[in-house]
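Listed below, chain by chain, are the residues.
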Amino acid sequence: MKLSSLVPTTLRGYEKSWLRTDLVAGVTLAAVAIPETMGYTSIAQTPIVTGLYTVIFPTLLFALLGSSRLLVVGADSATAAILAAGLTGLGVAGLTPYSSQWLAYASFTALLCGGLLLIARVFRLGFLGDFLSASVLVGFLTGVGVQVFTGQLPDMLGIPKGSGNWFQQQIDLVENLGEIQWLTVAFAVGALAIILGFKKYLPAVPGAIVAVVLSIVVSAAIDASARGVAVVGTVQGGFPPIGLPQGIELSELGACVGIAFSCFVLIIAQSAATSRSFAMRHGQKVDVNRDIVGLSGASFAAGLSGTFVVNGSPTKTQILDELKGRTQVANITMSGVVLLVVLFLTALLADMPKAVLGAIVFLIGVDLVDYLGLRRIWRQRRGEGVIAVLTAVVVCAVGVEQGIVLAIVMSIIWLIQRQYRPDSFVIKPSKDEQVYANAEPGAQTLPGLIVFRYDSELFYANSNRFVDAVEALFDAAPDPVRWLVLDCSSITDIDYSAAISVRGLIDFVHARKAHFGVMGADPWLVTSMHTLGITEAFTQDRIFTDFDDVIAAYQHDASAGSGS
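A brief report on the enclosed structure follows.

**Points about the overall build of the chain**
Here is step 1 of the chain: The secondary structure content of the chain amounts to 22 helices and 8 strands.
Here is step 2 of the chain: Once the C-alpha set of the chain is aligned to its principal axes, its extents read approximately 100 × 65 × 55 Å.
Here is step 3 of the chain: Split into buried and exposed, the 564 residues of the chain put 52% on the buried side.
Here is step 4 of the chain: Across the chain, every contact between residues at least 6 apart in sequence was considered, and the portion connecting residues at least 24 apart equals 81%.
Here is step 5 of the chain: If you sum the accessible surface of the chain, you get close to 25,300 Å²; carbon and sulfur atoms cover 61% of it.
Here is step 6 of the chain: The distance from the centre of the 35 positive side-chain charges to the centre of the 42 negative ones in the chain is 7 Å.

Laid out in structure tokens, this is it:
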């Protein structure tokens, strides 16, 4: 065995000149990740220190097992929202947010998610993430963003957070506006101003960490907690607890698997899209199945180190790329820095106002609301825009977990709908090129000739629509049709049901005293048509190579005056 095979994929070919840049990028990334991951605990409703745990062992395991050189793995707002919504629906007596039992179920869900990812790797199911279309993902994350930023308003205003669904929580918020704690609001507004100010005028400095440090200093100096400002309080530091979560009721296993599955689909879709995007920017290839192994290891590490589900983070990966980080050495450095904070510096967090964490997460939620993306989808693909908006509404009105299920179902329905109702054309000659005209009644290629293109595979669900479309063209043609040729350049296979329909169409064409042919069929399709008995229904000389071949043969046939 070569020693090089023992080196993690993400670190192979490492150059010494990259080390300084990776170390600086890792330290800077830690400054961004520390306040963000602590803020995500307000979404997952787990103790603050568990947010820091997500970027220690989970990040390290992905760095050692994954393939992406840049993907940053840790706490994520969308999966945290799915987790919290799912745990809220469990029927476990006494299961309350921020409790040790709640955290146990959160960690258990992470273990289940790791198991699902491992199964996905063994059976090469990484393609499942492809069933969340980009438009549906935009709608889902927009809905999550609305839930996230509105969920932080009570902490930022110093008023009690309501219960129930999203609408009920907003009603409670409005009813309690008279109880606003103005010093709490001042801390929240100050944090927003600092973060946005640094982002605009000094983007190289993480504004969130500056806001956290200054708020702690001011809070301690004025004894903010004594003035009614809710603060973080004592944060249990020390090495992350290692071991299996305790107190899990096996009767809730099915429900926990459902929560884990929702997280699993989003993890595959979001992480794969992120790692592919950044790999392509640098001319690199990414192994999605290897990344699934890394993500599985990260989820197992989360479940065994007392924290919640982790995911690939597009925002932190973008930051790492902007910092010129080259490899996972940067993420390993970030993990080391965060571990030092957990071991030695958590006592400094006690005076941090919760409103500051709320402000940090508020901005994260706002960033998730992709208004421009929704508008672009709506303008360019109205049908997909409707699906994206519907997904966002369901996430807010019904719930995040239901939203992810809807997102999957709507993506699959959209895929089937595109195959069921594909575009179809009649091809026409025009000077030295061919023109694709919409297949509308009255369209023909030449007098007596129709070359028909159907942009989909032929299968049981769309074969009758295909036949109906061709028959409509045949009946409405301004000249008696003598040849009907099917362009098969978009068809690679025909199933048994479609074969029956095609043979019926050939009988229809022959009954009208016309000839049937195909063009552009690849060898596999020709073999398949022969096996299904389609080629027996028309002569082999009606299999054409391309459009020019069809035109030449038809014109020769017409000039011969035989019409055959």
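**Section: a nonpolar patch on the surface**
Here is step 1 of the chain: A cluster of nonpolar side chains, F239, I242, L340, L343, F344, L345 and L348, forms an exposed patch at the surface whose accessible area comes to about 730 Å².
Here is step 2 of the chain: Assignment of secondary structure puts F344 in helix α14 (residues 329-344).

**Considering the packing of aromatic side chains**
Between two aromatic rings, the relevant description is the distance of the centres plus the angle of the planes.
Here is step 1 of the chain: Under the defined criterion, the tally for this structure stands at 13 aromatic pairs.
Here is step 2 of the chain: A ring pair is formed by Y14 and W18, whose centres lie 5.4 Å apart and whose planes are at 80°; its orientation type is edge-to-face.
Here is step 3 of the chain: Looking at Y14, the relative accessible area reads 27%, which means it is partly exposed.
Here is step 4 of the chain: Judged by its relative accessible area of 12%, W18 falls in the buried class.

**Comments concerning helix α19 (residues 463-476)**
Here is step 1 of the chain: Over its 14 residues, α19 extends 20 Å from the first C-alpha to the last, a length consistent with the 20 Å expected when each residue adds 1.5 Å.
Here is step 2 of the chain: Residues of α19 that are buried: S463, F466, V467, V470, L473 and F474. Here the buried residues of α19 occupy an arc of 125° about the axis, which is enough to place them on one side. In this structure, α19 carries N464 and D475 as exposed residues pointing more than 90 degrees from its buried face.
Here is step 3 of the chain: Looking at the buried positions of α19, the neighbouring elements they touch are β3 (424-430), β5 (449-454), β6 (483-487) and α20 (496-511).

**Comments concerning the packing of helix α6 (residues 134-151) against helix α18 (residues 400-420)**
Helices that pack against each other are described as a pair by the angle of their axes relative to one another and the distance between those axes.
Here is step 1 of the chain: Direction vectors running N to C along α6 and α18 enclose 170°, while the axes themselves pass 10 Å from each other. Between α6 and α18, the angle is such that the two are roughly antiparallel. Judged by residue contacts, V136, F140, V144 and Q147 of α6 engage V400, G403, I404, A407 and S411 from α18.

**A word on the nonpolar core**
Here is step 1 of the chain: With 109 residues, the main nonpolar core has L132, F140, V144 and V338 as its most contacted residues.
Here is step 2 of the chain: The leading source of residues in this core is helix α11 (residues 253-281), at 12 residues.
Here is step 3 of the chain: Leaving out residues up to four positions away in the same chain, V338 has contacts with A30, I34, L52, V55 and I56.
Here is step 4 of the chain: Membership of the second largest hydrophobic core comes to 33 residues, among which are A443, Y454, V481 and L486.

**Here we look at unusual backbone geometry**
Here is step 1 of the chain: Look at Y98: it is not a glycine, yet its phi comes out positive at around 70°.
Here is step 2 of the chain: With respect to the helices and strands, Y98 occurs in the loop between α4 (77-88) and α5 (100-122).
Here is step 3 of the chain: Its relative accessible area of 45% is what places Y98 among the partly exposed residues.
Here is step 4 of the chain: In the Ramachandran plot, K513 falls in the positive-phi region, its phi being about 60° despite a non-glycine side chain.
Here is step 5 of the chain: Mapped onto the fold, K513 is located in the loop between α20 and β7 (515-519).

**Side note on the pattern of salt bridges**
Here is step 1 of the chain: Enumeration over the complete set of coordinates arrives at 5 salt bridges.
Here is step 2 of the chain: With a closest N to O distance of 3.3 Å, E384 and R381 form a salt bridge.
Here is step 3 of the chain: Its relative accessible area of 43% is what places R381 among the partly exposed residues.
Here is step 4 of the chain: One salt bridge in this structure joins D487 and R453, with 3.2 Å as the shortest N-O distance. In this pair, D487 is assigned in strand β6 and R453 in strand β5, connecting sequence segments 34 residues apart. For the pair D487 and R453, a shared accessibility class is recorded, and that class is buried.
Here is step 5 of the chain: One continuous salt-bridge network, built from bridges that share partners, spans R453, D455 and D487.

**Notes on α11**
Here is step 1 of the chain: End to end, α11 covers 41 Å across 29 residues, agreeing with the expected 42 Å (1.5 Å per residue, within 8%).
Here is step 2 of the chain: Note on α11: the residue one or two positions beyond its end, G283, has a positive phi of about 65°.

**What about the packing of α11 against α18?**
Here is step 1 of the chain: It is the contact of α11 with α18, at a shortest axis distance of 10 Å, that shows an interaxial angle of 55°. One way to sum up the angle between α11 and α18 is to call them oblique. For the pair α11 and α18, the crossing hand works out as left-handed. Contacts from G258, I259, F261, S262, V265 and L266 in α11 reach E401, I404 and I408 in α18.
Here is step 2 of the chain: Per-class residue counts for the contact of α11 with α18 are 6 nonpolar, 2 polar and 1 charged.

**Some thoughts on the environment of A359**
Here is step 1 of the chain: Position of A359 among the secondary structure elements: in helix α15 (residues 354-368).
Here is step 2 of the chain: We classify A359 as buried; its relative accessible area is 0%.
Here is step 3 of the chain: The contact partners of A359, leaving out residues within four places of it in the chain, are M156, A188, A191 and L192.

**Quick word on the sheet that holds β3**
Here is step 1 of the chain: Read from one edge to the other, the open sheet built from 6 strands follows the order β4-β3-β5-β6-β7-β8, with strand pairing classed as mixed. Only two strands of the sheet have a single neighbouring strand rather than two, namely β4 (433-438) and β8 (543-544).
Here is step 2 of the chain: Pairing between β3 and β4: 6 bridges, direction antiparallel. Bridge assignment links P429 to a residue of β4, and that residue is Q434.

**Side note on the pairing of β3**
Here is step 1 of the chain: In the sheet, β3 pairs with β5 via 3 bridges, with the strands oriented antiparallel. Bridge assignment links S424 to a residue of β5, and that residue is Y454.
Here is step 2 of the chain: Remark: 2 residues form the turn of the hairpin made by β3 and β4, two consecutive strands paired antiparallel; K431 in that turn has positive phi of roughly 55°.

**Digging into the side chain of S68**
Here is step 1 of the chain: With respect to the secondary-structure elements, S68 resides in the loop between α3 (57-65) and β1 (73-74).
Here is step 2 of the chain: For S68, a relative accessible area of 6% translates into the label buried.
Here is step 3 of the chain: Engagement of the side chain of S68 in a polar contact is seen with the backbone nitrogen of L70, the distance being 3.4 Å.

So, how was this worked out
- Residues numbered from 1 in each chain as written.
- Predicted model: local features only at pLDDT ≥ 70, side-chain atom pairs only at ≥ 80, totals over all residues.
- Heavy atoms only, no water.
- Helix = DSSP H or I, 4+ residues; strand = E, 2+ residues; numbered from the N terminus.
- Buried < 20%, exposed > 50% of the residue type's maximum accessible area, 1.4 Å probe, protein only.
- Contact = heavy atoms within 4.5 Å.
- Areas by Shrake-Rupley, 256 points an atom, 1.4 Å probe, with all protein chains shown as cover.
- Lys, Arg positive; Asp, Glu negative; His and termini not counted.
- Charge placed at Lys NZ, Arg CZ, Asp CG, Glu CD.
- Patch = residues over 30% accessible without salt bridge, like charges linked within 9 Å, V, L, I, M, F, W, Y side chains within 5 Å.
- Salt bridge = Lys/Arg side-chain N within 4 Å of Asp/Glu carboxyl O.
- Phe/Tyr/Trp six-rings, centres within 6.5 Å; stacked < 30°, edge-to-face > 60°.
- Expected span 1.5 Å × (residues − 1).
- Arc of directions from axis to C-beta.
- Axes fitted to C-alpha atoms, helices over the stretch in contact; angles between N-to-C directions.
- Parallel < 35°, antiparallel > 145°, perpendicular 65-115°, else oblique.
- Core = buried A, V, L, I, M, F, W, Y, C linked by side-chain atoms within 4.5 Å.
- Left-handed = near helix turned anticlockwise from the far one by under 90°.
- Nonpolar A, V, L, I, M, F, W, Y, C, P; charged D, E, K, R; others polar.
- Pairing = 2+ DSSP bridges.
- Polar contact = N/O pair within 3.5 Å; in protein donor to acceptor, adjacent residues only side chain to side chain.

This is a description of form; function is not addressed.
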